[in-house]
Structure formats: structure tokens, C-alpha cells
Amino acid sequence: MMSPWIKNLRRLSFSSSSQITHKIPMEIEIKLRLPDSAAHQKLSDILSPYHTKTHLQQNLFFDTPQLTLATTHLAALRLRFYDLDTQSILSLKSKPKLSNGISRIEEIEHPLDPTLARACAAEPWRFSAVQGSGVLERVVGEFGVGLDELVCLGGFRNVRAVYIWNGLKVELDESEYEFGVCYEVECESDRPEEVKVMLEELLERNGIRFCYSKMSKFAVFRSGKLPEFG
């Protein structure tokens, strides 16, 4: 375990470096939910000529036992592993807004060596070994959460198929929670209203039912149940 002296030093270090303010990037995505595996498969078949890759993802979330990040700051600290630990990325999402199928959320990311990432997942206090991370600097400096306070909340697995369709990066997700499976289409764009219409027309033209996603994947995970479709 880390000594109290090192814990305090790391907290001071992150807090001091966080005094420099930066504009937090905004992620803007269209998020449409599909009703079931049949709709997911049908869309997968339609988009198959545009398929570029499929990722196997594991998403783990971290917070204090009191859920300080989630409840006080509307933030989610996520560690994502790709394709049997070939890559891992630590991200912090905050200030989410999801309306009419368009998600806007602040997001910063930091790539981690998968071996270190697995060590952090098993013992979250090891995040203190991560150097130069704007993600962790914000957790400590802006949100006031010590890295020694973090615990792993668990998470979910996701199969993400990626397509380049009409110049857009379209992602088809199959998210497996302990309580069920959810299917979604996502597309990041700085033209969200226009792109949403394009995706809606694609689905309607092919007779695929959909609705606007009303919750983020993290919110679904926290709720412990799949949201109702529609």
C-alpha cells in the first residue's frame, strides 16, 4: 500500500498542476437505440460493405464509495480495455446533456499501458503511478477526489462494430450488462442535427425500429436495469 506521505505528495502535485485551466473538449454524438438483436443484425448486414473493424471492449468505472464524482460533479471516470488488452484508455466524462438523441459531454482521455491499467483496475490507488495525466489532474485538482479514495465500481463489456458510411464514422454497439443487453447506434459529429436525419432515414428506409437513447451507458450501468424502449 502507498504510504500517507506519498498520498499527500501526489494530491499536492496534482492539485498544483491543475491550477492551469484548459478548455475541456466537448464530445457530440448521435445516439439511437435499437429494440433487439434482430434489428442490430439487420443493420449490421446493411452496413457490412462499409465495415472497417470490430472492437471488443471492457469498460470499468471508478469513484469514491460515496459516488462523489457521479453525484456531486456529474462525472464518470472510465478505464476502457480494447481487444484483449492491446490498448487501454482512461477517460473522464462530465456535464452530460442528452436530448432528442444528441449527446453533448465534456471528455478528456489519457492512453495507459495495458499492464499498468490492469494493475490500476485491481488496486485503484495505483493510479498514483500515472504521470502527466490531465484526467487524473482534473479528478484531484478540480473535483477534489484523492486517488487513494477511488474504488472500482465494476462495468460492462461492449462489442463495437465500426463503419465508414457516407463519410461518417458509424458505430454499432452491443453492450452486455449483468442485467441484459442493449443495442445502440452512435456517430460523433459536429453536425449532429444533419447527421441524425441521415441515420434516421437509413433506419426508416430499411424498416428498422429505433428510438432516441435517453441514458448514457454509464447511467444504464448505475441504474442496474435496461431502460424501456421507446
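Model, not experiment: these values are computed from the prediction.

A. Main features of the packing of aromatic side chains. Evaluated as defined, the whole model comprises seven aromatic pairs. Measuring from centroid to centroid gives 4.7 Å for F156 and Y177, while their planes differ by 40°, and the two rings are tilted. Of this pair, F156 sits in strand β6 (residues 151–165) while Y177 is found in strand β7 (residues 168–177), placing the two residues 21 residues apart along the sequence. Considered together, F156 and Y177 belong to a single accessibility category, that of buried residues.

B. The arrangement of the side chain of N158 in detail. Looking at where N158 falls in the secondary structure, it is placed in strand β6. Take N158: its relative accessible area is 2%, and that puts it in the buried class. At 3.4 Å, the side chain of N158 and the backbone nitrogen of E174 are in polar contact. Aside from chain neighbours lying at most four places away, what touches N158 is H55, L56, Q57, N59, D173, E174, S175 and K217.

C. Focus on the layout of surface pockets. Empty space within the largest pocket amounts to approximately 860 Å³. As for the largest pocket, its lining consists of 38 residues, and the residues nearest its centre are E27, E29, R78, K93 and E107. Per element, the largest residue contribution to the lining of the largest pocket is six residues, and it comes from strand β4 (residues 87–99). For the lining of the largest pocket, the class distribution of residues is 15 nonpolar, six polar and 17 charged.

D. Seen up close, the confidence of the model for the chain. Scored by pLDDT, the chain has a mean of 93; 90% of the residues are at 70 or more. A low-confidence stretch, residues 2–13 stays under pLDDT 50, and its non-local contacts, those more than four residues away or across chains, total 13 contacts. Across residues 15–20 the pLDDT falls below 50, and counting only partners more than four positions away or on other chains, this stretch makes six contacts in the model.

Conventions we followed
- Throughout this document, residue positions are counted from 1 along each chain, in the order its sequence is written.
- In view of the model being predicted, local features appear only for residues whose pLDDT reaches at least 70, and side-chain atom pairs are presented and counted only at 80 or more, with totals across whole chains, interfaces and linings using the full set of residues.
- Derived side-chain values reflect all non-hydrogen atoms in the structure, with water molecules and hydrogen atoms excluded from consideration.
- Stacked, edge-to-face and tilted are the three classes for Phe, Tyr and Trp ring pairs, Trp counted by its six-membered ring, which pair at centre distances within 6.5 Å; planes under 30 degrees apart are stacked, over 60 edge-to-face, the rest tilted.
- Note on conventions: DSSP H or I runs of at least 4 residues are helices, E runs of at least 2 residues are strands, and numbering of each starts at the N terminus.
- Only protein chains enter the area calculation, which uses a 1.4 Å probe; residues under 20% of their type maximum are buried, those over 50% are exposed, and those in between are partly exposed.
- Here a polar contact means two N or O atoms within 3.5 Å. Within protein one must be a hydrogen donor candidate and the other an acceptor candidate, and residues neighboring in sequence count only if both atoms are side-chain atoms.
- Here, residues are in contact when the closest pair of their heavy atoms is within 4.5 Å.
- Put plainly, a pocket is an open set of points on a 1 Å grid over the protein atoms alone with protein on both sides within 12 Å along at least five of seven lines, a cavity is a set where a 1.4 Å probe fits but cannot get out, and a lining residue has an atom within 4 Å of a point.
- Grid points are joined across faces, edges and corners, and a volume is the space filled by probe spheres set on the points.
- Gly is put with the polar residues, along with every residue not named as nonpolar or charged; the nonpolar set is Ala, Val, Leu, Ile, Met, Phe, Trp, Tyr, Cys and Pro, and the charged set is Asp, Glu, Lys and Arg.
- Residue-level confidence of the predictor, termed pLDDT, takes values from 0 up to 100.

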